[in-house]
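What follows is the residue order along each chain.
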Amino acid sequence: MSLTRNDVEAIAHLARLAITEAEAQVYSESLSKILSFVEQLSTADVTNVVPMAHPLAGQVQRLRADVVTTSDEHEKFQRNAGKVEAGLYLVPKVIE
Amino acid sequence: MTELHTQTLIELSAGLKAKRFSSVELTQHFLQRIERFNSELNAFITVTPDMALTQAKAADAQLAAGQGGALTGLPLAHKDIFCTDGVLTTCGSKMLANFVSPYDATVVERMKRDGIVMLGKTNMDEFAMGSSNETSYYGAVKNPWNLAKVPGGSSGGSAAAVAARIAPAATGTDTGGSIRQPAALTSLTGIKPTYGRVSRYGMIAFASSLDQGGVMCLSAADAALLLQSMSGFDERDSTSIDTPVPDYSAALNQSLKGLKIGIVKEFFDKGLSEENAQPVRNALALYEQLGAQLVEVSLPNLPLSVPTYYVVAPAECSSNLSRFDGVRFGYRCDNPRDLQDLYKRSRGEGFGPEVKRRIMTGTYVLSAGYYDAYYLRAQKIRRLITDDFARAFEKVDVLMGPTSPTPAFDIGAKVDDPITMYLNDIYTIGANLAGLPAMSIPCGFLSGLPVGLQIIGGHFAEAKLLNVAHIYQQATDWHKRVPKKYE
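Residues numbered from 1 in each chain as written. Chains lettered and ligands numbered in written order. Predicted model: local features only at pLDDT ≥ 70, side-chain atom pairs only at ≥ 80, totals over all residues. Heavy atoms only, no water.

1. Details of the overall build of chain A
To be explicit about the condition: By definition, any uninterrupted DSSP run of H or I lasting at least four residues is a helix, any uninterrupted run of E lasting at least two residues is a strand, and each is numbered from the N terminus. Burial classification: accessible surface area is computed with a 1.4 Å probe over protein chains only, and a residue below 20% of its type maximum counts as buried, one above 50% as exposed, and the rest as partly exposed. When checking whether two residues touch, look at their non-hydrogen atoms; a contact exists if any pair is within 4.5 Å. Here the accessible surface of atoms and residues is derived via Shrake-Rupley with a 1.4 Å probe, and residues count as covered only by protein chains that are part of the display. Charged residues are defined here as Lys and Arg on the positive side and Asp and Glu on the negative side; His and the ends of the chain fall outside this count. The location of each charge is read from NZ of Lys, CZ of Arg, CG of Asp or CD of Glu.
Secondary structure assignment for chain A yields three helices and two strands. In chain A, the succession of helices and strands from N to C terminus is α-α-α-β-β. Counting only C-alpha atoms, chain A reaches 55 × 45 × 25 Å along its principal axes. Taken across its 96 residues, chain A has 30% of its residues classed as buried. For chain A, long-range pairs separated by at least 24 residues make up 30% of all intrachain contacts whose partners lie at least 6 apart in sequence. If you sum the accessible surface of chain A, you get close to 6,700 Å²; carbon and sulfur atoms cover 54% of it. Within chain A, one finds 9 positive and 13 negative side-chain charges whose respective centroids are separated by 7 Å.

2. Focus: helix α3 (residues 49-64) of chain B
Residue and element names in this part refer to chain B. The following threshold applies: Multiplying one less than the number of residues by 1.5 Å gives the expected span of a helix. Arc, as used here, means the arc of the directions from the helix axis to the C-beta atoms.
Helix length check: α3, at 16 residues, gives a terminal C-alpha distance of 22 Å against a target of 22 Å (1.5 Å per residue), a fit within 8%. Residues A52, Q55, A56, A59, D60 and L63 constitute the buried set of α3. Viewed end-on, α3 has its buried residues packed into an arc of 145°, placing them on one side of the element. Along α3, the residues that are exposed and aim more than 90 degrees away from the buried face are D50, T54, K57 and A64. Note on α3: the residue one or two positions beyond its end, G66, has a positive phi of about 75°.

3. Considerations on the packing of aromatic side chains
All names here are of chain B. For clarity, the threshold we go by: In summary, the pairing rule links any two rings of Phe, Tyr or Trp, Trp by its six-membered ring, whose centres are within 6.5 Å, and it sorts them by plane angle into stacked for under 30 degrees, edge-to-face for over 60 and tilted for everything else.
One pass over the full model with this rule turns up 18 aromatic pairs over all chains. Their ring planes at 15° and their centres at 5.4 Å tell us that Y287 and Y472 sit as a pair that is stacked. Residue Y287 is found in helix α8 (residues 274-289), and its partner Y472 is found in helix α15 (residues 462-475); the two are separated by 185 residues along the sequence. Taken together, the aromatic side chains of F99, F127, F324, F329 and F351 make up a single cluster linked through ring pairs.

4. Considerations on the confidence of the model for chain B
Defined as follows: pLDDT: the predictor's confidence for each residue, scored from 0 to 100.
Overall, the prediction assigns chain B a mean pLDDT of 97, with 100% of residues at 70 or greater. Note on the complex model: pTM 0.97, ipTM 0.96.

5. Looking at the interface of chain B and chain A
How we decide: Simply put, the buried area is the total loss of 1.4 Å probe accessible area from both parts when two parts are fitted together. For this document, the term salt bridge refers to a Lys or Arg side-chain nitrogen within 4 Å of an Asp or Glu carboxyl oxygen. Ten residue types, Ala, Val, Leu, Ile, Met, Phe, Trp, Tyr, Cys and Pro, are classed as nonpolar, four, Asp, Glu, Lys and Arg, as charged, and the remainder, Gly among them, as polar.
The interface of chain B with chain A comprises 71 residues on the first partner and 51 residues on the second. Counting each side, the surface lost to burial between chain B and chain A is near 5,200 Å², with a carbon and sulfur contribution of 68%. Summed over the shared surface of chain B and chain A, the result is two salt bridges. Taken together, the elements giving at least two residues each to the side of chain B that touches chain A come down to α9 (305-320), α10 (339-350), α11 (353-366), α12 (372-395), α13 (418-422) and α14 (429-434) of chain B. Of the residues assigned to the side of chain B that touches chain A, the class counts are 36 nonpolar, 17 polar and 18 charged.

6. Notes on the pairing of strand β2 (residues 75-79) of chain B
All names here are of chain B. To be explicit about the condition: Each pair of strands is called paired provided DSSP finds at least two bridges between the two strands. A right-handed crossover is one whose linking path, passing over the helix from the first strand to the second, runs clockwise when the strands point away from the viewer.
The buried fraction of β2 amounts to five of the five residues, a majority that puts the element mostly inside the structure. In β2, alternate side chains face the same way, and those of P75, A77 and K79 on one face and L76 and H78 on the other are all buried. Pairing geometry for β2 and strand β3 (residues 117-122), over five bridges, is parallel. Bridge assignment links A77 to a residue of β3, and that residue is G120. You can see the chain leave β2, run along helix α4 (residues 106-113) and come back into β3, and the turn it takes is right-handed.

7. Details of the packing of helix α2 (residues 21-38) of chain A against α11 of chain B
How we decide: Convention adopted: a line fitted to C-alpha atoms gives each axis, helices being fitted over their contacting stretch, and angles between N-to-C directions are expressed from 0 to 180 degrees. Angles are sorted into four bins: roughly parallel if under 35 degrees, roughly antiparallel if over 145, roughly perpendicular if 65 to 115, and oblique for all others. Two helices crossing with the near one rotated counterclockwise from the far one by less than a right angle form a left-handed crossing, whereas a clockwise rotation gives a right-handed crossing.
Axis separation between α2 of chain A and α11 of chain B bottoms out at 10 Å; the angle between their running directions is 60°. With respect to α11 of chain B, the element α2 of chain A is oriented oblique. Where α2 of chain A crosses over α11 of chain B, the two elements pack in a sense that is right-handed. Of the residues in α11 of chain B, those touching α2 of chain A at E23, Y27, S30, L31, I34 and L35 of chain A are P353, K356, R357, M360, T361, Y364 and V365 of chain B. A per-class count over the contact of α2 of chain A with α11 of chain B returns eight nonpolar, two polar and three charged.

8. Considerations on helix α7 (residues 220-230) of chain B
Along α7 of chain B, ten of the eleven residues are buried, which leaves the element largely enclosed by surrounding structure. Along α7 of chain B, the positions that sit buried rather than exposed are A220, A221, D222, A223, A224, L225, L226, L227, S229 and M230 of chain B.

9. Brief notes about the environment of T90 of chain B
Residue and element names in this part refer to chain B. Heads up, the rule is: Pairs of N or O atoms are called polar contacts if they sit within 3.5 Å, as long as, within protein, a hydrogen donor faces a hydrogen acceptor (for residues adjacent in sequence, only side-chain-to-side-chain pairs).
Mapped onto the fold, T90 is located in the loop between β2 and α4. Separated by 302 residues in sequence, T90 and A392 place their C-alpha atoms 40 Å apart. T90 has contacts with I45, D80, L96, A97 and Y138, leaving out every residue within four places of it along the chain. Only 3.0 Å separates the side chain of T90 from the backbone nitrogen of G92, close enough to count as a polar contact.

10. Some words on the packing of helix α1 (residues 5-14) of chain A against α2 of chain A
Residue and element names in this part refer to chain A. Relative to each other, α1 and α2 sit at 100°, their axes nearing to 8 Å. Relative to α2, the element α1 lies roughly perpendicular. Within the contact between the two elements, α1 uses R5, V8 and E9 and α2 uses E21, A24, Q25, Y27, S28 and L31. Its residues placed into classes, the contact of α1 with α2 shows four nonpolar, two polar and three charged.

11. Structural notes on the side chain of E316 of chain B
All names here are of chain B. Relative to the assigned elements, E316 resides in helix α9. Among buried charged residues, E316 stands out as having no salt bridge; its nearest opposite-charge side chain is R382, 4.5 Å away. Among the polar contacts made by the side chain of E316, one reaches the main-chain amide nitrogen of S208 at a distance of 3.0 Å. Once residues lying within four places of it in the same chain are set aside, the contact partners of E316 are F206, A207, S208, S209, L210 and Y375.

12. Considerations on the pattern of salt bridges
Summed over all chains, the structure comprises 23 salt bridges over all chains. The salt bridge partner of D85 of chain B is K76 of chain A, with a shortest N-O separation of 3.6 Å. Here the residue D85 of chain B occupies a position in the loop between β2 and α4, and K76 of chain A occupies one in helix α3 (residues 74-78), the pair thus bridging two chains. Of the charged contacts in the structure, one is a salt bridge between D237 of chain B and R200 of chain B, with a shortest N-O distance of 3.6 Å. Residue D237 of chain B is located in the loop between α7 and β7 (260-264), and its partner R200 of chain B is located in the loop between β5 (189-192) and β6 (213-217); the two are separated by 37 residues in the primary sequence. Look at R200 of chain B and you get buried, because its relative accessible area is 15%. Through salt bridges with shared partners, one network takes in R337, D341, R345 and E349 of chain B.

Here it is, written out as structure tokens:
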């Protein structure tokens, strides 16, 4: 399995990662190696095997009642944000 | 009197109770050692002396009033993956280099409740992705047994801190071996509990179906004490298991007569040199003398565990790390042109090379047209591996083998080849895929570098693992060895 620099740039776009051309070259090599390495998985016979999503048998995602459990602490949480105004997160203009 | 820093938590706890020293004195002793040795080890990202001394004073007041439990007043370091209220929590990344957590992880909260004093936050591979602690934004951590060697990873800062006795114990997390492998490389006792035993709330997510918190310390008896505090159901983690926590310390001294130990054939394959295998074989021979019976078992699908992991873990990482968008918390790039540019440059500039590699691997294996061939197939093989373990546990009580294929390697030796680096976890990843509890305990040295014995148990068999490790530690002194410089 081999990925070209263009493939890597397409993946980086899907992952919303800005990478340089030099990085794209490096990643095309290492990602190709990793994908070749995981090719081994095709040797296993997985006919009728049910995919495993949880390591413990019979466990299902627990649900909880939809009730308020915490108080409003947005000021505290927004202290970690890059740009905030009037309790809102600021991002570059989306609609012209 | 033995130096404070070479004592186990059990011994230190007895000293506090007998008023031989106070928690403030004990905490100051470790803070001074951190001050003296941390610059050469790079084990801590953040040291919290003021908070530690405040907590120590509170612990002393409790102890003076005849209150407090076994952990009251004992210092500990937290891996910087655990959120700590009001304290920098970086996860070893530039992405979170400015993140002051607004809340405590459940693990941190429970240990605080039990009177533990936090010394600071330890260095780690960026977002726990690494096996050598070289991917940290804060630089590589050095192995106290030889400063030119890696301490293992991703909990490398925790390992180095405890091995150099600048902290008596530390928390860690283990997604593919990140507690056990560094414990082996630095001669510590490390335990990764059953998936779901310890809450993941406030533990920054890497691969959610594999991540599990645990501890690194000087003995199985200390691990029992710490695990008691951390474990148990937590409503805030949807994968936390609601089953009672047994008394881990009570079962430590049970005899090993009749214990059936499975020797995993695939652990002693061509990847392990005879020289490396020898300390492990010596440990197995000692277990036989202690009354255990050795049985060879085979886990035929185990050789596929590393490739399975390198599909499942990157896939989950690419989803988990999509939360870092430059908007709500974490690194934000300067002067973004538009929203797309804000996302892409914040992530491109904030994440290091290994994290980006894993995000892209995960994005690829989850992308349209490839999901069935990679992720779904890996999830099926994960079941085959888990079934292999289940069949083995029908015949034996615990499984044993090496923790790591080699002792600590040189800093820089494997950084250019991701596959070679990934193969460090060849013996540890199986337990994560199957959600099993597993330990590493010191079992000898090879050319002056520590070697670890891995013990794997069935689901929720932590008490059995600790018992099996404790009896071995009663008969050996590998776990008591201290690197000369840090005695």
